[in-house]
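Report on the structure
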Amino acid sequence: MPAQPLPPPAATALDLIGRTPMVELAGFDTGPCRLFVKLESANPGGSIKDRIARSMIEAAEKDGSLKPGGTIVEATAGNTGLGLAQVGVLKGYRLLLVVPDKMAREKIQHLRAMGVDVRITRSDVGKGHPEYYQDMAAALAAKLNNAVYINQFSNPANPLAHETTTGPEILEQMEGDVDAVVVGVGSGGTLTGLGRFFRAHSPKTRMVLADPVGSILAPLVERGEKVEPGSWVVEGIGEDFIPDNCDLDLVAKAYEIPDSESIATARMLLVKAGILGGSSSGTLLAGALRYCRDQTEPKRVVTLVCDTGSRYLSKVYNDSWVAEQGLVDRELHGDLRDLIARGTSSGDAVTVGPDDTLLTAYNRMRAADVSQLPVLDDGRLIGLIDESDLLEAIEDRNQDQRFRQPVSTAMTAKLRTLQAGSPLEDLLPIFERDEVAIVMEGRDFLGLITRIDLINYLRRAA
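All values reported here derive from a predicted model rather than from experimental measurement. (Residues numbered from 1 in each chain as written. Predicted model: local features only at pLDDT ≥ 70, side-chain atom pairs only at ≥ 80, totals over all residues. Heavy atoms only, no water.)

**Considerations on the overall build of the protein**
A count of helical and extended segments in the protein gives 14 helices and 15 strands. By the compact-globule yardstick of 23 Å for 462 residues, the protein fits well, its C-alpha radius of gyration being 25 Å. If you line up the protein on its principal axes, its C-alpha atoms span 75 × 55 × 55 Å. Restricting to contacts in the protein with at least 6 residues of sequence separation, those with at least 24 account for 67%. For the protein, the centre of its 49 positive side-chain charges and the centre of its 64 negative side-chain charges are spaced 4 Å apart. (Helix = DSSP H or I, 4+ residues; strand = E, 2+ residues; numbered from the N terminus. Rg over C-alpha atoms; globule rule 2.2 N^0.38 Å. Contact = heavy atoms within 4.5 Å. Lys, Arg positive; Asp, Glu negative; His and termini not counted. Charge placed at Lys NZ, Arg CZ, Asp CG, Glu CD.)

Now the structure itself:
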């Protein structure tokens, strides 16, 4: 095929928002259907939220609520904030964003690198609580001069962005033939905007909701059931209330997707299709695959890669984090081995040798975000080095020699260990001594258990 001409240079990154590519997925069990994904991760800010950010900011400029030099305030699980920063910073506005504490660190780092004022609040409280992220954002905006609370959950410019850009693009790319579009709901803008567009221009197209287990939306659609909201780890979609922008009457079918399925499907998308998507992309793809396999006749189905998975490397694509959250099937032993997040048997344990330098130990602690390392010699545990050992070893040495010392000179060699079959209660005295639990099976080292490992275990068991 002849090469298509490349577009001319854009004036600014704002001109690159939208017109995102579409890919047909192969190698997935899609039943009788063909499944396509629209790569919203290709937007300059890395997510579908660039579209609504531009739409909402331009609407606020047009109605006069956002004036030159003003401050944009928003409550966000991350991507809307990143979109607002992508657009707002280039237009010369200040940004103040309130985000829940379950948000991936990569998103926060990205925002702060753009000069955004990020306020982190609780994710375990509901609407009406002063620390709920939307209530906090509204309160902060009210106290500031020349500030506007964008409020994606009620702002009509949010669904309008999808009605006027995303929907027409999908229909054009699919050559006018779309049987179903699978979306998630955070603010409701994608569902409502696409639903309105397809109702007017392709009435046969069904809107399908993929919703995290714990959200109130899918039970309401499928069973008319009002449930108490739970918790979920997927970011950006799922709700504990029905946003003003969310028209659930547009939904023809809804699927409840557990976190484990979302994470596994996002990782499968990377392995099978080479597409690095975020956690919500896993939810949407899982819902789309369920819908496809439920069909008895061929259908053309579209879903979205909502954002780039590069924002979730410390979570979705981190084996240790996935294991700590209980989101992967692992062999259970009914003893202390079940609490070890990074074990030697799985190859996840981060260790050093006695002849490694203190600089190597330091670098491995920082890279793995741990405070202590087992010291192994030919696979045998001979010591433990932690941050206090490291500090004590380097503080009295001259600068040139501090980190060149071998680990053997700083490690603790006198170790108190637990056998894997020891009762859970034996961990408490160890933690009271500010130590970590060293778990053995006979003379074989299995791994370490920290306070947070115990907390994660108890949380999963609750």
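**A look at the packing of helix H1 (residues 49-63) against helix H5 (residues 157-173)**
Viewed as axis vectors pointing N to C, H1 and H5 meet at an angle of 130°, and their least axial separation amounts to 8 Å. With respect to H5, the element H1 is oriented oblique. H1 and H5 meet at a crossing whose hand is right-handed. Facing H1, whose interface residues are Arg-51, Ile-52, Ser-55, Met-56 and Ala-59, H5 presents Ala-157, Asn-158, Ala-161, His-162, Thr-165, Thr-166 and Glu-169. (Axes fitted to C-alpha atoms, helices over the stretch in contact; angles between N-to-C directions. Parallel < 35°, antiparallel > 145°, perpendicular 65-115°, else oblique. Left-handed = near helix turned anticlockwise from the far one by under 90°.)

**Description of helix H14 (residues 451-461)**
Taken together, the buried positions of H14 are Asp-453, Leu-454 and Asn-456. Along the axis of H14, the buried residues cluster in a sector spanning 160°; they form a single face. Buried residues belonging to H14 abut helix H10 (319-324), helix H13 (427-432) and strand E15 (444-449). (Buried < 20%, exposed > 50% of the residue type's maximum accessible area, 1.4 Å probe, protein only. Arc of directions from axis to C-beta.)

**With respect to the sheet that holds strand E2 (residues 34-39)**
Spatial ordering of the open sheet is given by E1-E2-E10-E7-E8-E9, a layout of 6 strands whose pairing is mixed. Among the strands making up the open sheet, the edge pair consists of strand E1 (22-24) and strand E9 (251-257). Pairs of neighbouring strands in the sheet enclose a mean axial angle of 25°, with direction left out of account. Packed on one face of the sheet, H5 meets E1, E2 and strand E10 (300-305) and runs near 135° to E2. Along the sheet, helix H9 (residues 279-294) makes contact with E2, strand E7 (180-183), strand E8 (206-212), E9 and E10, crossing E9 at roughly 120°. (Pairing = 2+ DSSP bridges.)

**With respect to the packing of aromatic side chains**
To describe a pair of aromatic rings, one takes the distance between the centres and the angle between the planes. Taken as a whole and assessed by the stated rule, the structure comprises 5 aromatic pairs. Between Phe-197 and Phe-198, the aromatic rings sit 5.2 Å apart at their centres with planes inclined by 80°, giving edge-to-face as the arrangement. Residue class for Phe-197 comes out buried when judged on its relative accessible area of 7%. Ring-pair connections join several aromatic residues into one group, and the members of that group are Tyr-132, Tyr-133, Phe-153 and Phe-241. One Lys or Arg, Lys-253, reaches over the ring of Tyr-255 and ends 5.3 Å from the middle of that ring. One cation-aromatic arrangement involves Lys-272 over Phe-28; the distance from NZ or CZ to the ring centre is 5.4 Å. (Phe/Tyr/Trp six-rings, centres within 6.5 Å; stacked < 30°, edge-to-face > 60°. Lys NZ or Arg CZ within 6 Å of the ring centre and 35° of its normal.)

**Details of the sheet that holds E15**
The strands that make up a sheet pair up through hydrogen bonds in the backbone, lying either parallel or antiparallel. Taken together, the 3 strands give an open sheet; going across it, the order is E13-E14-E15, and neighbouring strands pair in mixed fashion. Edge positions in the sheet fall to strand E13 (417-419) and E15, since each has one partner strand and no second. Strand-to-strand twist in this sheet, taken as the mean axis angle between neighbours without regard to direction, amounts to 35°. Across 3 bridges, E13 lies against strand E14 (residues 437-441) in parallel orientation. Bridge assignment links Gln-419 to a residue of E14, and that residue is Met-440.

**Things to note about the side chain of Glu-235**
Looking at the element boundaries, Glu-235 is found in the loop between helix H7 (217-223) and E9. Relative accessible area serves as the criterion here: at 2%, Glu-235 is assigned to the buried category. Ignoring anything within four residues of it in the chain, the contact list for Glu-235 reads Ala-77, Lys-102, Met-103, Ala-104, Lys-107, Ser-279, Ser-280, Tyr-312 and Lys-315.

**Examining the pattern of salt bridges**
A pair can form between side chains of opposite charge whenever their charged atoms are brought close. A complete count under the given rule lists 26 salt bridges for this structure. With a closest N to O distance of 2.6 Å, Glu-40 and Arg-51 form a salt bridge. Linking Glu-40 in the loop between E2 and H1 with Arg-51 in helix H1, this pair joins segments that are 11 residues apart in sequence. The same class applies to Glu-40 and to Arg-51, which are both buried. Two residues, Glu-225 and Arg-223, come together in a salt bridge whose shortest N-O distance is 2.7 Å. Judged by relative accessible area, Glu-225 falls into the partly exposed class, the value being 35%. In this structure Arg-223 comes out as partly exposed when scored by relative accessible area, which is 47%. (Salt bridge = Lys/Arg side-chain N within 4 Å of Asp/Glu carboxyl O.)

**With respect to the packing of helix H2 (residues 79-90) against helix H3 (residues 105-113)**
Where H2 meets H3, the axes come as close as 10 Å, and the angle between the chain directions of the two elements is 20°. In terms of axis orientation, H2 runs roughly parallel to H3. Handedness of the H2/H3 crossing: left-handed. Contact residues: H2 offers Asn-79, Gly-81, Leu-82 and Ala-85, while H3 offers Lys-107, His-110 and Leu-111. Of the residues contributing to the contact of H2 with H3, the split by class is 3 nonpolar, 3 polar and 1 charged. (Nonpolar A, V, L, I, M, F, W, Y, C, P; charged D, E, K, R; others polar.)

**Overview of unusual backbone geometry**
Although it is not a glycine, Asn-146 adopts a positive phi angle of roughly 50°. Tracing the chain through its elements places Asn-146 in the loop between helix H4 (133-143) and strand E6 (147-149). A relative accessible area of 32% means that Asn-146 is categorised as partly exposed. Positive phi, close to 55°, is recorded for Glu-175, a residue that is not glycine.

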